Amino acid sequence: MAVERIQTVEIQEEVQQAYLSYAMSVIVARALPDVRDGLKPVQRRILYVMHEMGLHPNAPYKKSARIVGEVLGKFHPHGDMAVYEALARMAQDFTMRYPLVDGQGNFGSVDGDPPAAMRYTEARLTPMAEELLADLEKETVEWVDNFDGSLREPVVLPAKAPQLLINGASGIAVGMATNIPPHNLQEVCDALCYLIDNWGRLDRITVDDLMNFIKGPDFPTGGVVFRYADDGETDALRAAYAVGKGQFVVQARAHIEEAERGKVRIVVTELPYQVNKAALIERIAELVREGRIEGITDLRDESDRRGMRLVIEVARTADPRQVLAALYKHTPLQTTFGVQMLALVDGEPRLLPLKRMLQLFIEHRQQVVRRRSEYELARARERAHILEGLLTALAHLDEVIALIRRSKDAEEAKAGLMRRYRLTEVQALAILEMPLRRLARLEREKIEAEYKEKQRRIRELEDLLAHPKKILGVIRAELQELKAKYGDARRTWIADRPRGALTVEDLLPDQAVWVTITAGGRILRAPVRGGPAWPSGDPPVALARGSTRGVVVLFTERGTAAGVAVHRIPEGEEGAPVRDLVPLPEGEKIVAALPMPGRINGNGAGPYVFLVTRNALCKRIAWADLNRPGAFPAIGVAEDDALVAAFTTWGEGEVLLATAAGQAIRFAEEEVRVMGLSAAGVLGIKLGEDDRVIGATLVKPQGDIVVGMAQGFLKRTAAKEYPRQGRYGVGVQTATVSAKTGPLVAVAAVEESETLWAVGSRGTVKAVKVKELPRSGRARPGTPALSLKSNETLARLIAPAVYEKPAGQKEQRARNRR
C-alpha cells in the first residue's frame, strides 16, 4: 500500500529556489559564452558535431537539417529552430567578423531576410572553426556526459583563436545580458603577444597599453565608431574596456556625390552593426512622408555583390550636409552600442575588463598547451618504448627468430622474449607482430631514425613542461601564425572625436596619387610611387598630383570648370569617361586639371586660380569660388577665343605668358585683380599680328623655363633671364622661331629635379628629365629633343599640376619691391 506524504513548504521560498535554479540553467547552459572559447553551449555543440561528422573545410557540404538532427539527438535536446538559428548566425558574414560555418544557400541577408529552411541549406566548417577545434583529441580539455549519459562532449573547446573578442557575443539570460563587440584578429593577437611578453609584470599593464594595439571594435559591416562621448572629453571606448561596461556611438559610412545636371546625392556604403537595411529604407521613407526630414527627392538601393550602396537623392535647394545630419539624428544610420562584457568564468557569470578577458584566454591556452604536451609526451614515450624493443630484437635477430620458431604458440614466444631479453609485454607483442619486411636493412635504419626522433621529441616536451615561459612562447608563436594566416585589414574606422556628420574626406586614407586626363576624354588615377598611367594609344592632356581625400578641378577650352572627388576616379589604365563623373558640356575639350586638398573656405586670401586665354585675356579667381557642385563657367570665353592655361597661385607670385611667335612676358600676379566667375578678365600681353598665347605658367624664381616648339625642339632657360615687366607689354624674346623649329606650342616653369611629358600630335609620349636638357639663353633656338613620327608635331608639354607654393616666392617679391 502506497503511503502518500504531504510536505509543507513556504511558497515564497519554493518559488525563489525554483527561479534561481531556472535562472542558473539559462545563464550557464544557454545564454552566456564561456570566456575560454567564447562559445555558448549550442554553438560549441554544433561545431563539435560537425567536427565529428567530418565536415572539414575541404569536405563536401552536408544538409543543415542533418547537422541539426545530430545536435538535437546527441547533445542539445531543445527546439530545432534554436539550433538552426545558431548555425545560420555562425555562417553570416554580416554578423560574424570571422564566420565559423561555411554555408551554401540562403543564410539570410543584411536586409533582414530569414535563412531558407534547413532542408535547403548546406554547411561545413570554416578554417577558423578548425582552429577552435584543433587538438581536441589530445585530452586538452575536460569532457562530460551528454544529457542521457550515452555520449561524452567537451566542456570547452581548445580554442587556439581568441573567439570571444574577434567575433563578439550577444545573449539575454535571466536578470543579465552580454553584448561584446567583435574585434580585429590582428589587433587582438598583437595585444595578447604584448601581455605574454610582459607576463611577469601584469599589474603594470594598463588599458591604455592594450589600446595601443586594440583600437576599438571592428564590425563585419564596417561603419564608424566614435571614441569620445558628446562632451568631447570622456573616452567612451577606454571606459568600456576598463570596466567591461559602457557605450559608444556607431555611425554609417556615407559620402556626398555630385551627380549629373548639378544634382547631389548622399551615398551610404556601410551600415552600423546589426542594422536592418530594408527597415532603414522604410524608416527614411516614413520620415520623408511625415515631413520630418526635408530635401530628399528619391531613395533607392543600388547594392549588389560588389558591396552596399544606398543612394539618397537631395533636392537642389537643400544642403546635403544638413540632410545627412538629420538622417543620422532620426534613423538607425547612427546608433549607440552598449558594451556588456559578461562571460562565464569557472561556470559563473563575471563582468570582465579587456585586460582580464585577454589574461583568462592566455591562461586557458596555457592549460591546453600543457595538457597537449603531456599527451604527446606520453604517446612519444610509448612509441619509443616499442621502438626500443624492436631495436633489441633486430640486434639479436637470429636468436629471436630461433626462439620464436621453437615456441609452441604465440603465448610461449611472448613469454620467452620477455624472459630472455627483459622486455615488457607491449614490446614482446610488437616484435611478434613485426612484418618480415621490417627486417630489411633500410627498414632497420628507419626504425633507428624514428627512435632518435622520438628521443629528441621527448627531450623537447620534457623541457617545455619544465619551463612555463616556454609554454608562453609556444602560445605566442601560435598567435603569430593565426595572425599571418587569417589577419585582415580593419573595416571599422575609429574616429578620435565626438560624433558628427562625417563625409568621405574624413574616412578615406590620405594617399598621394596621379590623376590623368587623356585626349580621348578619360580620367584615371594611379599611386604616385608607380608614376602616372594612361591607356595605350590615348595620350594625356593633363596630369595632376593630388590626394585621395582631395578634389581635382577640370577646366575646358570654353572656360567651364567642374570638380571631381579623387576617390571617385577609378584606378588602372582604363579609367572611366570624364563625363561619367562630372557633367561637362558635350564637345568641350579639357585643357587643365588642378588638384585641391579638400574643401577650401573663402577667407579673403589665397590660394587662387590664374586663367589665361589664347587671345591673352588673364583672370584670377579665388579657389573658394570653385567650391561648388556640378559644372559652371569660370571665365567668359569669346567664340574666337579659347582657354589655354589654368594654374594655382598664392597671391605673391609672378606669371609668365608665352606666344607662338616666341615672345614672353613676366609680371606680378597682383596686376590681375581677383574677379568673380562672370568676369572676362584683362589683357596680359600685346600680341603681334596673327600671334596667339600658347600657354602660361607660375614662375619658380630659382627654377627654369622650358619651351617646346612644333618640330620637337626644346629649350631650357633660367627663370632669372626673364625680366619682370608690367602687365600688357610686348614682352621679350623667349626663343628663335624658324621654319625648322616651328612655332612655340608649350611653356612650363620647372625645377631641375622634375620630369616633363612631351606629347605628339599622333600619340607619341616621352618623359623628359629637366636636368638632361642643356641650359641656353632666351634668344637661342633650342635643340632637337624628340623623335616624332612622320607628319607629327609636338602638341603639348605637360608639367604635373600640384597644390604647392613654389619656394622663394616671398623673397623674390621682396627683392622686386626694393
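Preceding this section is the structure that the text describes.
Residues numbered from 1 in each chain as written. Predicted model: local features only at pLDDT ≥ 70, side-chain atom pairs only at ≥ 80, totals over all residues. Heavy atoms only, no water.

Chemist: Kindly report on the overall build of the chain, identifying the contributing residues and their values.
Modeler: Per the secondary structure count, the chain includes 19 helices and 40 strands. Here the chain has a C-alpha radius of gyration of 38 Å; the compact-globule value for 818 residues is 28 Å, and the former is much larger. For the C-alpha atoms alone, the extent of the chain along its principal axes is close to 125 × 85 × 55 Å. Buried residues in the chain amount to 50% of all 818 residues. Excluding contacts between residues fewer than 6 apart, the proportion of contacts in the chain whose partners are at least 24 apart in sequence is 71%. (Helix = DSSP H or I, 4+ residues; strand = E, 2+ residues; numbered from the N terminus. Rg over C-alpha atoms; globule rule 2.2 N^0.38 Å. Buried < 20%, exposed > 50% of the residue type's maximum accessible area, 1.4 Å probe, protein only. Contact = heavy atoms within 4.5 Å.)

Chemist: Quick one: what's the story with the packing of aromatic side chains, residue by residue and with numbers?
Modeler: For the coordinates displayed, the defined rule picks out eleven aromatic pairs. Ring geometry for Phe219 against Tyr273: centres 5.0 Å apart, planes inclined by 20 degrees, an arrangement best described as stacked. In this pair, Phe219 is assigned in the loop between helix 8 (207–211) and strand 8 (224–226) and Tyr273 in the loop between strand 11 (264–270) and helix 10 (277–290), connecting sequence segments 54 residues apart. Take Tyr273: its relative accessible area is 11%, and that puts it in the buried class. For the ring pair Phe248 and Phe337, a centre distance of 5.5 Å and an interplane angle of 15 degrees mean the geometry is stacked. Note that Phe248 is positioned in strand 9 (residues 245–251) and Phe337 in strand 14 (residues 334–340), a separation of 89 residues in sequence. The pair formed by Phe248 and Phe337 is uniform in burial state, with each residue classed as buried. (Phe/Tyr/Trp six-rings, centres within 6.5 Å; stacked < 30°, edge-to-face > 60°.)

Chemist: For the sheet that holds strand 32 (residues 693–698), give the residues involved together with the corresponding values.
Modeler: Across the sheet, four strands lie side by side as 32-29-30-35; this open sheet has antiparallel pairing. Here the strands that pair on one side only, and so sit at the sheet edges, are strand 32 and strand 35 (732–733). Sheet topology places strand 29 (residues 654–659) next to strand 30 (residues 663–668); five bridges connect them, and they run antiparallel. Paired with Val655 across the bridge in strand 30 is Phe667. (Pairing = 2+ DSSP bridges.)

Chemist: Please provide a residue-by-residue account of the sheet that holds strand 34 (residues 713–718), values included.
Modeler: Strand order in the open sheet made by the four strands is 36-33-34-39, with antiparallel pairing throughout. Because the sheet does not close on itself, it has two edges, and the strands there are strand 36 (744–750) and strand 39 (783–784). Note that strand 34 and strand 39 share two bridges and pair antiparallel. The residue of strand 39 that forms the bridge with Leu714 is Thr783.

Chemist: Explain helix 2 (residues 41–52) to me, using residue names and the numbers behind them.
Modeler: With twelve residues, helix 2 should reach 16 Å at 1.5 Å per residue; the first-to-last C-alpha distance of 16 Å fits that figure. Summarising burial for helix 2: eleven of the twelve residues are buried, a large majority. Of all the positions in helix 2, only Pro41, Val42, Gln43, Arg44, Arg45, Ile46, Leu47, Tyr48, Val49, Met50 and His51 are classed as buried. Two residues or fewer past helix 2, Gly54 is found with a positive phi of approximately 75 degrees. (Expected span 1.5 Å × (residues − 1).)

Chemist: Report on the packing of helix 12 (residues 354–395) against helix 17 (residues 468–486), specifying residues and quantitative values.
Modeler: Remark: helix 12 packs on helix 17, axes separated minimally by 9 Å, with the N-to-C direction vectors making an angle of 110 degrees. In this view, helix 12 runs roughly perpendicular relative to helix 17, as classed from their interaxial angle. Contact with helix 12, carried on its side by Phe361, Ile362, Arg365, Gln366, Val369, Arg370 and Arg372, involves Ile471, Leu472, Val474, Ile475, Glu478 and Leu479 of helix 17 and no other residues of that element. (Axes fitted to C-alpha atoms, helices over the stretch in contact; angles between N-to-C directions. Parallel < 35°, antiparallel > 145°, perpendicular 65-115°, else oblique.)

Chemist: Go over the pairing of strand 13 (residues 310–314), please, and point to the residues and values.
Modeler: Strand 13 sits mainly inside the fold: five of its five residues count as buried. Judged by which residues are buried, strand 13 turns out to be covered on both faces: Leu310, Ile312 and Val314 on one side and Val311 and Glu313 on the other are all buried. When strand 11 meets strand 13, the two strands line up antiparallel, connected through five bridges. Looking across to strand 13, one finds that Val268 is bridged to Leu310.

Chemist: How would you sum up the environment of Ala325? Please name residues and give values.
Modeler: Here Ala325 is to be found in helix 11 (residues 320–330). Sequence spacing of Ala325 and Lys63 is 262 residues, and the spatial spacing of their C-alpha atoms is 46 Å.

Chemist: Please provide a residue-by-residue account of the pattern of salt bridges, values included.
Modeler: Working definition: two side chains of opposite charge can pair if their charged atoms are close together. Scanning the entire structure with this criterion turns up 55 salt bridges. Between Asp135 and Arg372 there is a salt bridge, and its shortest N-O distance comes to 2.8 Å. Highlighted residues: Asp135 in the loop between helix 5 (127–133) and strand 4 (143–145) and Arg372 in helix 12, separated in sequence by 237 residues. Of the two residues, Asp135 and Arg372, both sit in the buried class. (Salt bridge = Lys/Arg side-chain N within 4 Å of Asp/Glu carboxyl O.)

Chemist: Tell me about the side chain of Glu443, residues and numbers included.
Modeler: By the element assignment, Glu443 lies in helix 16 (residues 441–466). A relative accessible area of 17% places Glu443 in the buried class. Ignoring anything within four residues of it in the chain, the contact list for Glu443 reads Arg437 and Arg438.

Chemist: Talk me through the nonpolar core; I want residue IDs and the actual numbers.
Modeler: Counting 88 residues, the largest nonpolar core has Ile46, Leu47, Met50, Leu100, Phe248, Leu358 and Leu479 as the members making the most contacts within it. Broken down by element, the residue count for this core peaks at nine residues, all from helix 7 (residues 185–197). The next biggest cluster of nonpolar side chains, apart from the first, holds 39 residues, and it includes Ala544, Ala593, Leu626 and Leu677. (Core = buried A, V, L, I, M, F, W, Y, C linked by side-chain atoms within 4.5 Å.)

Chemist: Which residues make up the state of the cysteines, and what values go with them?
Modeler: What the rule picks out here adds up to zero disulfides. Looking at the unpaired Cys189, the closest cysteine sulfur is the one in Cys193, lying at 6.5 Å. Among the residues examined, Cys189 registers a relative accessible area of 0% and is labelled buried. (Disulfide = S-S within 2.5 Å.)

Chemist: Describe the pairing of strand 3 (residues 122–125), listing the residues and the values that go with them.
Modeler: Bridge count for strand 1 (residues 62–63) against strand 3 is two bridges, and the pairing is antiparallel. The partner of Lys62 across the bridge, within strand 3, is Ala123. With four bridges connecting them, strand 2 (residues 101–104) and strand 3 associate as antiparallel partners. Bridging across to strand 3, Gln104 finds its partner in Glu122.

Chemist: For the side chain of Gln427, give the residues involved together with the corresponding values.
Modeler: Secondary-structure assignment places Gln427 in helix 15 (residues 425–433). At 3.0 Å, the side chain of Gln427 forms a polar contact with the backbone nitrogen of Thr424. Among residues more than four places away in sequence, those in contact with Gln427 are His385, Ile386, Glu388 and Gly389. (Polar contact = N/O pair within 3.5 Å; in protein donor to acceptor, adjacent residues only side chain to side chain.)

Chemist: Give a description of unusual backbone geometry that names residues and reports values.
Modeler: Phi angles above zero are rare outside glycine, and Asp135 is one such case at about 70 degrees. A relative accessible area of 16% places Asp135 in the buried class. Of note, Asn791 is a non-glycine position whose phi angle comes to about 60 degrees, a positive value. Within the element layout of this structure, Asn791 appears in the loop between strand 39 and strand 40 (794–798).

Chemist: Explain the packing of helix 14 (residues 410–421) against helix 15 to me, and be specific about the residues and the numbers.
Modeler: Here helix 14 crosses helix 15 at 125 degrees, and the two axes come no closer than 9 Å. In terms of orientation, helix 14 lies oblique with respect to helix 15. The hand of the helix 14/helix 15 crossing is right-handed. When helix 14 is examined against helix 15, the residues Ala410, Ala413, Lys414, Leu417 and Met418 are found in contact with a partner set consisting of Glu425, Ala428, Leu429, Ile431 and Leu432. Here the residues of the contact of helix 14 with helix 15 are counted per class, giving eight nonpolar, no polar and two charged. (Left-handed = near helix turned anticlockwise from the far one by under 90°. Nonpolar A, V, L, I, M, F, W, Y, C, P; charged D, E, K, R; others polar.)

Chemist: Give a detailed account of helix 14, specifying residues and quantitative values.
Modeler: Over its twelve residues, helix 14 extends 16 Å from the first C-alpha to the last, a length consistent with the 16 Å expected when each residue adds 1.5 Å. Buried within helix 14 are the following residues: Ala413, Lys414, Gly416, Leu417 and Tyr421. Seen from one end, helix 14 has its buried residues packed into an arc of 165 degrees, which puts them on one side. For helix 14, the exposed residues lying more than 90 degrees away from the buried face are Glu411 and Arg419. The secondary structure elements touched by the buried residues of helix 14 are helix 12, helix 13 (397–406) and helix 15. Sitting at the amino-terminal end of helix 14 is Asp409, which places a side-chain oxygen 3.3 Å from the backbone nitrogen of Glu411. Backbone geometry just after helix 14 places Arg422 at a positive phi near 55 degrees. (Arc of directions from axis to C-beta.)

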